[in-house]
Amino acid sequence: MFKRFVINDLNSWRASEKHLPLVMRGARQVGKTTIVQEFGKGFENYLYFNLERKDDRELLEMELPIDVYVTLLFARKGVRQRPGDTLFFFDEIQNSPKTIARLRYLYEDAPQIYIIAAGSLLENVVDVNASFPVGRVDYLPVRPCSFREFVSATGRGGQLEVMENAEYTVPFHQEYMSYFNQYCLVGGMPEVVQHFADHGDILAVDPIFRRLVRGYIDDVEKYTRTSKLTEAVRFLLQYAPYRVGGTVTLGKFEGSDYKSREVGEAFRLLQKAMLLELAYPTTSTQVPAMPETGRMPKLFWFDTGIVNYVAGVRTELIGARDILDVWRGRIGEQVVAQELLTLNNDINQTRSFWTRGKGESGAEVDFVWNLGSRLVPIEVKAGQNSHLRSLHSFVDGSPVDFAVRVWSGEFSVNDVATTRAHKPFRLINIPFYLVGNLEKIVNRYI
């Protein structure tokens, strides 16, 4: 299995003086268990517990003194404890609210032991049955593979060093765009990426996609309380991928008979499962940029490969000269949204876009991204500088004097002026394959 970059975050957690129990969050099948299994190889003692198994769950829920408790955990796995660091991994912890609550006491009574927990739909469990010990655990999101991980997995890891310097990528631009087109088709689900890396056949991964989608339906349905909600969740999993990158209304979504309340509840459940996000607009051009939840949100899925599979647009993407020509540019926005989430490991990171206030003339910037105390406007668009009207409008009303365009062209930097107020600003043109280096690029060229 190829290396996931989140291992670096796990190493930093291990090296920290105060290693609180770490709760890993992510959609099912994004690789949480595989990542921890690999990480666990670096410990003298590594014990894996799957709380879907009755025997593991019953043992972990026993009320015992901590020294006896730890001894029994080793005995359950038939392992003799050796001197050195110990890691316990509690997988599928959503099946045991009692173990969730116990994380705090394990840390307080046995701080020498490293503890990682993982599970799906954890917030839904918290809402109903249990509570994570506030301030007593850390969180780490695990998302589908980034483009950089895809490049590494497909045997091209040597190219990552070139991509660290945006200006060096120009001679390799067409080659890197070809890689990125493959990434758009394959997506970032680890099993799919590995199969493509091994066989090089995009269409051969269809059985994996079918199994993944069926698994998400089965998994989410475990937590639906009514048959109506179950039906709404099934409907969204089938039809919501058609709406990625576009604004959505909840009532009668996609021509259905579902009411706004029913669709909203189904969307919230899928957000808890980290399968999608409703990204709300902001009208602010500077931080803090509060999302306006009373306005229509944009819909983004967690993986572009699954979007392409469900929506059936892969043939169109294979023959496209430009990603932005596909599906009215929505795949371009979807994959950029996916890459933006890889820029940090904040579990609460959300995506947002900018629009003018109500009653003002229409203008919309695809994404706004926080860089320290500044709000960076990002447009996903081809065309010349003069055609970026919404981006110019944002800059006119903003304290920033730079903006980002993500496109299929080569990396470049232009010093230009807005068309209306003639405000000078720097336009940084970033090809799709460099979005994962966005922070470094912006800091260098502003």
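Rules and cut-offs
Residues numbered from 1 in each chain as written. Predicted model: local features only at pLDDT ≥ 70, side-chain atom pairs only at ≥ 80, totals over all residues. Heavy atoms only, no water. Helix = DSSP H or I, 4+ residues; strand = E, 2+ residues; numbered from the N terminus. Rg over C-alpha atoms; globule rule 2.2 N^0.38 Å. Buried < 20%, exposed > 50% of the residue type's maximum accessible area, 1.4 Å probe, protein only. Contact = heavy atoms within 4.5 Å. Areas by Shrake-Rupley, 256 points an atom, 1.4 Å probe, with all protein chains shown as cover. Lys, Arg positive; Asp, Glu negative; His and termini not counted. Charge placed at Lys NZ, Arg CZ, Asp CG, Glu CD. Salt bridge = Lys/Arg side-chain N within 4 Å of Asp/Glu carboxyl O. Phe/Tyr/Trp six-rings, centres within 6.5 Å; stacked < 30°, edge-to-face > 60°. Pairing = 2+ DSSP bridges. Axes fitted to C-alpha atoms, helices over the stretch in contact; angles between N-to-C directions. Polar contact = N/O pair within 3.5 Å; in protein donor to acceptor, adjacent residues only side chain to side chain.

Q: Tell me about the overall build of the chain, residues and numbers included.
A: Counting secondary structure elements, the chain contains 18 helices and 14 strands. Here the C-alpha atoms of the chain give a radius of gyration of 23 Å, agreeing with the 22 Å that 2.2 N^0.38 yields for 446 residues. Reported as C-alpha extents along the three principal axes, the dimensions of the chain are approximately 70 × 50 × 45 Å. In the chain, buried positions account for 56% of the 446 residues. The contacts of the chain with a sequence gap of at least 6 include a subset with a gap of at least 24, amounting to 69%. If you sum the accessible surface of the chain, you get close to 19,500 Å²; carbon and sulfur atoms cover 47% of it. One finds the centroid of the 53 positive side-chain charges in the chain at a distance of 3 Å from the centroid of its 54 negative side-chain charges.

Q: Please set out the pattern of salt bridges residue by residue, giving values where relevant.
A: Within this structure, the stated rule accounts for 21 salt bridges. Of the charged contacts, one joins glutamate 63 and arginine 102 as a salt bridge, the two residues approaching to 3.1 Å between their closest N and O atoms. In this pair, glutamate 63 is assigned in the loop between helix 3 (54–60) and helix 4 (66–76) and arginine 102 in helix 5 (residues 97–109), connecting sequence segments 39 residues apart. Judged by its relative accessible area of 11%, arginine 102 falls in the buried class. Here arginine 214 and aspartate 218 are joined by a salt bridge, their closest N and O atoms 2.8 Å apart. One end of the pair is arginine 214 and the other is aspartate 218, both in helix 11 (residues 206–221) and four residues apart, which spans about a single turn.

Q: For the packing of aromatic side chains, give the residues involved together with the corresponding values.
A: According to the stated counting rule, one finds 27 aromatic pairs in the structure shown. Between the aromatic rings of phenylalanine 39 and phenylalanine 43, the centroid separation amounts to 5.2 Å while the plane-to-plane angle is 75°, which identifies the pairing as edge-to-face. By relative accessible area, phenylalanine 43 is classed as buried at 6%. Between phenylalanine 180 and tyrosine 183, the ring centres sit 5.8 Å apart and the planes meet at 55°, which makes this aromatic pair tilted.

Q: Could you give an account of the sheet that holds strand 5 (residues 138–141), naming the residues involved and the relevant values?
A: The strand order across the open sheet formed by five strands is 2-3-4-1-5, and the pairing between neighbours is parallel. Taken across any chain shown, the strands that pair with only one partner, and hence form the sheet edges, are strand 2 (45–50) and strand 5. On average, adjacent strands in this sheet sit at an angle of 20° to one another, irrespective of strand direction. In this sheet, strand 5 lies alongside strand 1 (residues 22–25) in parallel orientation, the contact comprising four bridges.

Q: Tell me what's going on with the side chain of arginine 295, and back it up with residues and numbers.
A: Of note, arginine 295 is situated in the loop between strand 7 (281–282) and strand 8 (298–301). Within polar-contact distance, the side chain of arginine 295 engages the backbone oxygen of arginine 356 at 3.2 Å. If we ignore the near neighbours within four places in the chain, the residues touching arginine 295 are Tyr280, Pro281, Thr283, Thr355, Arg356, Gly357 and Lys358.

Q: Go over helix 10 (residues 190–199) with me, naming the residues and quoting the values.
A: Buried within helix 10 we find Pro190, Val192, Val193, Gln194 and Phe196. On the buried face of helix 10, the contacting elements are helix 7 (147–153), helix 9 (173–186) and helix 11. Immediately beyond the C-terminal end of helix 10, within one or two residues, lies glycine 200, with a positive phi of roughly 70°.

Q: Which residues make up the environment of leucine 434, and what values do they have?
A: With respect to the helices and strands, the residue leucine 434 is situated in the loop between strand 14 (424–431) and helix 18 (438–445). Along the chain, leucine 434 and tyrosine 176 lie 258 residues apart, while their C-alpha atoms are 9.5 Å from each other. When neighbours within four sequence positions are excluded, leucine 434 is seen to be in contact with Met163, Ala166, Thr169, Phe411 and Ile441.

Q: Tell me about the sheet that holds strand 13 (residues 412–417), residues and numbers included.
A: As summarised here, the arrangement of the seven strands in space is 7-9-10-11-12-14-13, forming an open sheet in which the pairing is mixed. This sheet does not close on itself; its edge strands, each paired only once, are strand 7 and strand 13. Here strand 10 (residues 364–371) runs beside strand 11 (residues 374–380); their pairing, made up of five bridges, is antiparallel. Residue pairing in the sheet places phenylalanine 367 in a bridge with isoleucine 378 of strand 11. The strands touched by helix 16 (residues 330–340) are strand 10, strand 11 and strand 12 (402–407); relative to strand 10, the strand with the most contacts, the crossing angle is about 10°. Contacting strand 10, strand 11, strand 12, strand 13 and strand 14, helix 18 crosses the sheet at an angle of about 150° to strand 14.

Q: Account for the environment of glutamate 92, naming residues and giving values.
A: As for its position among the elements, glutamate 92 is in the loop between strand 3 (86–91) and helix 5. Judged by relative accessible area, which is 11%, glutamate 92 ranks as buried. With 42 residues separating them in the primary sequence, glutamate 92 and asparagine 50 have C-alpha atoms 6.0 Å apart. Those residues in contact with glutamate 92 that sit more than four places away from it in its chain are Arg28, Asn50, Leu51, Glu52, Ala118, Gly119 and Ser120.

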